[in-house]
Amino acid sequence: MTDTRLFSFEFSAPKTEDAVTKVKQVHDRLAELSPHFFSVTYGAGGSTKDGTKQTVLDLAATGSVVAPHLSFGGDEPEVIEALLREYQSAGINRLVALRGDRPSGIGSSMKMFHANELVGFIRQLTGDHFHIDIAAYPEIHPESDSVETEVKYFKQKVDAGANSAITQYFYNADAYFRFRDLCDKAGIKIPIVPGIMPITNYKGIKRFSDLCGAEIPRWIDKQLQAYEAEPDTLKAFGAEVVTDLCERLLEGGAPGLHFYTMNQSLPTLKIWNNLGL
Ligand code: FAD
C-alpha cells in the first residue's frame, strides 16, 4: 500500500560556495528517500534572498519538488510579485509563506507584514497556482499570549488560503496533539505537519530553542548536558529521543513529518531509518 503521509526536508539557504555544494550533496542523498518536497529558508532581511532563489532553482532542476520560504520583509510588494512570477515561470508550485523575524540591526522601524497578508497577496496575484504552507506553533509563538490567540491568528492564515502547515519544532508530543485538537474544534481542517529538529549538540539546540520558543523538557536538557563532552553518546541519545517523538506523533495521527535537516543528511537519516520509513 502506498504511504500517503507527507514527508519533507528543509534546508537553510546557503551563504557561501562551500555551503551551496554541501546543500546539493545533502539534497542528493535525501532525494533517494523520495520526500514529498524540499524547502529552503529565506532571510527576510535580505541576507539569504539570492541564496534561497538560486538553491530553489538548482534543486528543482534535478526534478525535486522544492518550496521556497517567502516573507515580505522590508520589500515593496512589486519585488515580491516579481519573485513570485519568476518562481511561477520556473515551474515552482509550492511555497512556505511567513512573516519572518526582524533582522538584527534593522531596528523596530521595519514594518512586518503578517503571514496572512502574504498568503492573501499570493492568492490574489497567482490564484491557485501555489500550494501554500504556513507556520504553526503548538508551544505558542513567543509573541502570543495564549493558545487561543495562536489558534485565532492561525485560522486567519488558513482562511486567507493556506493549504497546509508545518509546525515549529517541539519535543513534547502533547503540545502538538492539543494544538491540533483545538484547531479541529475551530474548524481548521488543513494538515498540520510536525516540524522535527534532530538533536546533535547541546549548546546549539539550547540557544536556538530559547530564541524560537521551543521547550526542551528538563529530562532531555539534563541528559544532553551530561553528555556534552561525549558527542557520540549525545547524538545517539538525541536520535533515540527524536525517534520516540516521531513514533508517538505518527501513531497519534500526525499527517507526516517535516525535518529541519540543518543541511546535514546523517541526523535525519538516522531517525528515518529508526522509524523504518
Ligand atoms: P505570523 O503568522 O504573522 O505570526 C507572528 C505572530 O503574530 C504570532 O504571535 C501570531 O499569533 C501573531 N499574529 C499573526 N497574525 C496576526 C495579525 N494579523 N495581527 C496581529 N497578530 C498576528 N523565519 C525566517 O526568517 N525565514 C524562514 O525561512 C523561516 N522558516 C520557518 C519555517 C517554519 C516551518 C516555521 C515554523 C518558522 C519559520 N521561520 C522562518 C520563523 C518565523 O518567521 C518566525 O517564527 C516569525 O516570528 C513568525 O512568522 P509567522 O509566519 O509564523 O508569522
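It should be emphasised that the depicted structure is a prediction, and the values quoted were computed from it without experimental measurement.

Caption draft 1: Spotlight on the overall build of the protein. Counting secondary structure elements, the protein contains ten helices and eight strands. Against the compact-globule benchmark of 19 Å for 277 residues, the protein has a radius of gyration of 18 Å, which places it among compact chains. Projected onto its principal axes, the C-alpha positions of the protein cover 50 × 50 × 45 Å. Taken across its 277 residues, the protein has 49% of its residues classed as buried. Split by element, the accessible area of the protein, about 13,300 Å² in all, is 49% carbon and sulfur. Between the centroid of the 28 positive side chains of the protein and the centroid of its 36 negative side chains there is a distance of 2 Å.

Caption draft 2: Region of the structure containing the packing of aromatic side chains. The full count for this structure, using the stated rule, is 16 aromatic pairs. Where Phe-11 meets Phe-38, the ring centres are 5.6 Å apart and the plane angle is 10°; that geometry is what we call stacked. Here Phe-11 is found in strand β1 (residues 6-11), whereas its partner Phe-38 is found in strand β2 (residues 37-40), with 27 residues between them in sequence. On the accessibility criterion, Phe-11 (0% relative accessible area) is buried. Relative to Phe-121, the ring of Phe-72 lies with its centre 5.1 Å away and its plane at 65°, an arrangement referred to as edge-to-face. Here the residue Phe-72 occupies a position in the loop between β3 (66-70) and α3 (77-89), and Phe-121 occupies one in helix α4 (residues 115-126), the gap between them amounting to 49 residues. Considered together, Phe-72 and Phe-121 belong to a single accessibility category, that of buried residues. An aromatic cluster is defined as three or more aromatic residues linked by ring pairs; in this entry it consists of Phe-7, Phe-9, Phe-11, Phe-38, Phe-259 and Trp-272.

Caption draft 3: Looking closely at the packing of helix α1 (residues 17-31) against helix α2 (residues 49-60). Following both chains from N to C, one finds α1 and α2 inclined at 35°, their axes separated by 11 Å at the closest point. The crossing of α1 and α2 is right-handed. Only Thr-55, Asp-58 and Leu-59 of α2 make contact with α1, whose side of the interface consists of Val-23, Lys-24 and His-27. When the residues that make up the contact of α1 with α2 are grouped by side-chain class, the tally is two nonpolar, two polar and two charged.

Caption draft 4: Quick peek at a negative patch on the surface. A surface patch of negative charge is lined by Glu-240, Asp-244, Glu-247 and Glu-251. Locating Glu-247 in the fold gives a position in helix α9 (residues 231-251).

Caption draft 5: Layout of the site of the ligand. As a structural note, the neighbourhood of the ligand is formed by 22 residues, with Tyr-42, Arg-99, Asp-101, Tyr-137 and Lys-157 the closest of them. Taking His-114, its side chain carries an N or O atom lying 2.8 Å from an oxygen atom of the ligand. With respect to the ligand, the side chain of Lys-157 contributes an N or O atom lying 2.7 Å from an oxygen atom. Contributions of two or more residues to the shell around the ligand are made by α4, α5 (147-159) and β6 (164-169).

Caption draft 6: Geometry of the pairing of β1. Counted residue by residue, β1 has six buried out of six residues, so it is predominantly covered. Burial along β1 is two-sided: Leu-6, Ser-8 and Glu-10 and Phe-7, Phe-9 and Phe-11, pointing in opposite directions, are all buried. Two elements, β1 and strand β8 (residues 256-260), share five bridges in a ladder whose sense is parallel. Within β8, the residue paired with Ser-8 across the bridge is His-258. Pairing analysis gives four bridges linking β1 to β2, with the strands arranged parallel. Looking across to β2, one finds that Glu-10 is bridged to Ser-39. Traced from β1 through α1 to β2, the parallel crossover comes out right-handed.

Caption draft 7: Here's a closer look at the sheet that holds β8. The strand order around the closed barrel built from eight strands is β1-β2-β3-β4-β5-β6-β7-β8, with neighbouring strands paired in parallel fashion. Ignoring strand direction, the axes of neighbouring strands in this sheet form an average angle of 25°. Running at roughly 170° to β1, α1 makes contact with β1 and β2 of the sheet. Seen against the sheet, α9 touches β7 (192-196) and β8 and runs at an angle of roughly 175° to β7.

Caption draft 8: Quick peek at the nonpolar core. If you look at the biggest cluster of nonpolar residues, it comprises 78 residues, and the most contacted ones within it are Phe-154, Tyr-171, Leu-249 and Leu-257. Looking at this core element by element, the count peaks at eight residues for α9. Apart from the residues within four sequence positions on either side, Phe-154 is in contact with Ile-134, Ala-135, Ala-136, Ala-165, Phe-179, Cys-183, Ile-188, Ile-190 and Ile-192.

The rules behind the values
- Residues numbered from 1 in each chain as written.
- Predicted model: local features only at pLDDT ≥ 70, side-chain atom pairs only at ≥ 80, totals over all residues.
- Heavy atoms only, no water.
- Helix = DSSP H or I, 4+ residues; strand = E, 2+ residues; numbered from the N terminus.
- Rg over C-alpha atoms; globule rule 2.2 N^0.38 Å.
- Buried < 20%, exposed > 50% of the residue type's maximum accessible area, 1.4 Å probe, protein only.
- Areas by Shrake-Rupley, 256 points an atom, 1.4 Å probe, with all protein chains shown as cover.
- Lys, Arg positive; Asp, Glu negative; His and termini not counted.
- Charge placed at Lys NZ, Arg CZ, Asp CG, Glu CD.
- Phe/Tyr/Trp six-rings, centres within 6.5 Å; stacked < 30°, edge-to-face > 60°.
- Axes fitted to C-alpha atoms, helices over the stretch in contact; angles between N-to-C directions.
- Left-handed = near helix turned anticlockwise from the far one by under 90°.
- Contact = heavy atoms within 4.5 Å.
- Nonpolar A, V, L, I, M, F, W, Y, C, P; charged D, E, K, R; others polar.
- Patch = residues over 30% accessible without salt bridge, like charges linked within 9 Å, V, L, I, M, F, W, Y side chains within 5 Å.
- Salt bridge = Lys/Arg side-chain N within 4 Å of Asp/Glu carboxyl O.
- Near = heavy atom within 4 Å.
- Polar contact = N/O pair within 3.5 Å; in protein donor to acceptor, adjacent residues only side chain to side chain.
- Pairing = 2+ DSSP bridges.
- Right-handed = clockwise from strand over helix to strand, strands pointing away.
- Core = buried A, V, L, I, M, F, W, Y, C linked by side-chain atoms within 4.5 Å.

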